[in-house]
Amino acid sequence: MIKKIFVVIVLLTSTQFFSLSLVTDGEFKVIEAIVLGLLIASVALGPLLLPPEEHRYPVHGFKVGVWLILAGVALSGISAYFNFAQPMQVTLVTQRFMYYYFLFFFLHEYRVDPALLKDVLLFLGLTFSIIYFASMADNSLVTTQMMAQRDTLRIALPGILFLVIGLFISLQRAVEERRYVYFLLFFLFTTNIIVDATRSVMLSTLLAALPLLYVYLKRRFVGTIAVLLVGSALSAFYLYGIVSSVWSSIIGAANLSDGNFAVRILAVRYFFAHLFPNSLSYLFGNGVASQLTTYGQQVLQMKNSGYYQSDIGIVGDYTRFGMPYLLGVITLCVSVLRNRRWTSDSYVVNSFYFIMISAITLSNFGIPSHIAAICVLLYLFDSDVSASLADSGNSSQADQIGEGYGTLSIQDDSL
């Protein structure tokens, strides 16, 4: 029970408790330091306290990918020290959000119940939506940035990946179980994404859902899919009357998309021209900047010029963590794609489709809440593979999957 509660606390902490004003910034930093300290200590002590288990990491590429990412984080800190004289102890604090990757190892070592985690993901998606809509009525509820854009109030609420994952979970369960509660949740999550009016999130969600919708249509779930799509549109208009205006504004804003894209291109050029002092920094990155150092002031000046590392997605992450990090991300994505047939939970794969597609503009592998969500998805993927291996009892297939590069097939190819 303790480990289950701790995982929930870690996930909530990764979202900064959804920026609720009940927790001050100073209080949150203390809580986060304690939670991350306990997380790392638990992972370090795990091999000593727990008996080893066969096939602990069924998809070998996941473990390799996470270690590569953490190696990139460590090496980029050294790079920041030698290239910008940023003290190591300062870097250890500024890059603390990357320590959420240790959740991946915690889940595997302590064998947290996958069924519980699926419900927690759905619960966090629901919590995101409730706080989002409540904040539109009372903007003092959260401390995050709010922007009146595209005829709606856009709220930069941490944890939007939980919303997207919740949408895919509710979609799968609505079609396969046909329970009304999942239809309602799908309508709510879809409405939330539309009202937020973030074009990259909407487009990535749609593209990520297309393979699953195709499979369901192929299996003649036409009526259920029609109810979901029509119901989502009706609920959007019912819950938020200006959705039509939102869409008009989005279409109108599309005329400015070339300008927004140009700004991102300029940001990439600017970072590569001014942020890399030598060849080694191109290899190991520059680390996470602290405003207490001259390096941090340089990055702050770039922000004042309109150039944000977070706006250029995976490229911005590369400028901080270098090639090992980038190789780690690629390893994770390739491992998911090559082994996707072994999981019956299609929402896991669809969530990764979203993560990969939106990585162009979103720092999915470098945002605390996204990192925590990704670690849970990887663990659920591994758990499903373990269950498949246990059912098949095929050791040769286990070896193939263990390397992450096997030729895999099952009777029911859901994706």
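Residues numbered from 1 in each chain as written. Predicted model: local features only at pLDDT ≥ 70, side-chain atom pairs only at ≥ 80, totals over all residues. Heavy atoms only, no water.

## Points about unusual backbone geometry
Phase 1: Even without being glycine, phenylalanine 17 reaches a positive phi, approximately 55°.
Phase 2: Summarising the element assignment, phenylalanine 17 is placed in the loop between α1 (2-14) and α2 (25-49).
Phase 3: For arginine 111, which is not glycine, the phi dihedral falls at a positive 50°. (Helix = DSSP H or I, 4+ residues; strand = E, 2+ residues; numbered from the N terminus.)

## What about the nonpolar core?
Phase 1: Ranked by internal contacts, the top residues of the largest apolar core, which has 97 residues, are Leu11, Met98, Tyr101, Leu103, Phe106, Phe365 and Leu378.
Phase 2: For this core, the leading source of residues is helix α17 (residues 368-392), giving 13 residues.
Phase 3: Counting eleven residues, the second-largest nonpolar core is a separate cluster that includes Phe271, Leu275, Val299 and Ile312. (Core = buried A, V, L, I, M, F, W, Y, C linked by side-chain atoms within 4.5 Å. Buried < 20%, exposed > 50% of the residue type's maximum accessible area, 1.4 Å probe, protein only.)

## Some words on the environment of arginine 96
Phase 1: Relative to the assigned elements, arginine 96 resides in the loop between α4 (88-94) and α5 (102-110).
Phase 2: Sequence-wise, arginine 96 and valine 288 are 192 residues apart; in three dimensions their C-alpha atoms are separated by 9.5 Å.
Phase 3: In this structure arginine 96 touches Lys29, Glu32 and Leu36, once residues within four positions along its chain are discounted.
Phase 4: For arginine 96, the side chain forms a polar contact with the side chain of glutamate 32, separated by 3.0 Å. (Contact = heavy atoms within 4.5 Å. Polar contact = N/O pair within 3.5 Å; in protein donor to acceptor, adjacent residues only side chain to side chain.)

## Here's the deal with α5
Phase 1: In terms of burial, α5 is a largely internal element, nine of the nine residues being buried.
Phase 2: For α5, the full list of buried residues reads Phe102, Leu103, Phe104, Phe105, Phe106, Leu107, His108, Glu109 and Tyr110.
Phase 3: Phi turns positive, to about 50°, at arginine 111, one or two residues after α5.

## Regarding the packing of helix α3 (residues 60-84) against helix α15 (residues 313-339)
Phase 1: Viewed as axis vectors pointing N to C, α3 and α15 meet at an angle of 170°, and their least axial separation amounts to 7 Å. The angle between α3 and α15 places the two elements in the roughly antiparallel class. Residues Gly61, Phe62, Val64, Gly65, Val66, Leu68, Ile69, Gly72, Val73, Leu75 and Ser76 of α3 touch α15, and the partners they reach there are Arg320, Phe321, Pro324, Tyr325, Leu327, Gly328, Val329, Thr331, Leu332, Ser335 and Val336.
Phase 2: Its residues placed into classes, the contact of α3 with α15 shows 14 nonpolar, seven polar and one charged. (Axes fitted to C-alpha atoms, helices over the stretch in contact; angles between N-to-C directions. Parallel < 35°, antiparallel > 145°, perpendicular 65-115°, else oblique. Nonpolar A, V, L, I, M, F, W, Y, C, P; charged D, E, K, R; others polar.)

## Observations concerning the pattern of salt bridges
Phase 1: Tallied over the entire structure, the rule returns six salt bridges.
Phase 2: Salt-bridge contacts for arginine 96 lead to glutamate 32; the nearest nitrogen and oxygen are separated by 3.0 Å. Here arginine 96, found in the loop between α4 and α5, pairs with glutamate 32, found in helix α2; they are 64 residues apart in sequence, far enough to count as distant.
Phase 3: Salt-bridge contacts for arginine 320 lead to aspartate 317; the nearest nitrogen and oxygen are separated by 2.8 Å. Of the two residues, arginine 320 and aspartate 317 both sit in helix α15, three residues apart, roughly one turn of that helix. You'll find arginine 320 and aspartate 317 in the same group, each marked buried. (Salt bridge = Lys/Arg side-chain N within 4 Å of Asp/Glu carboxyl O.)

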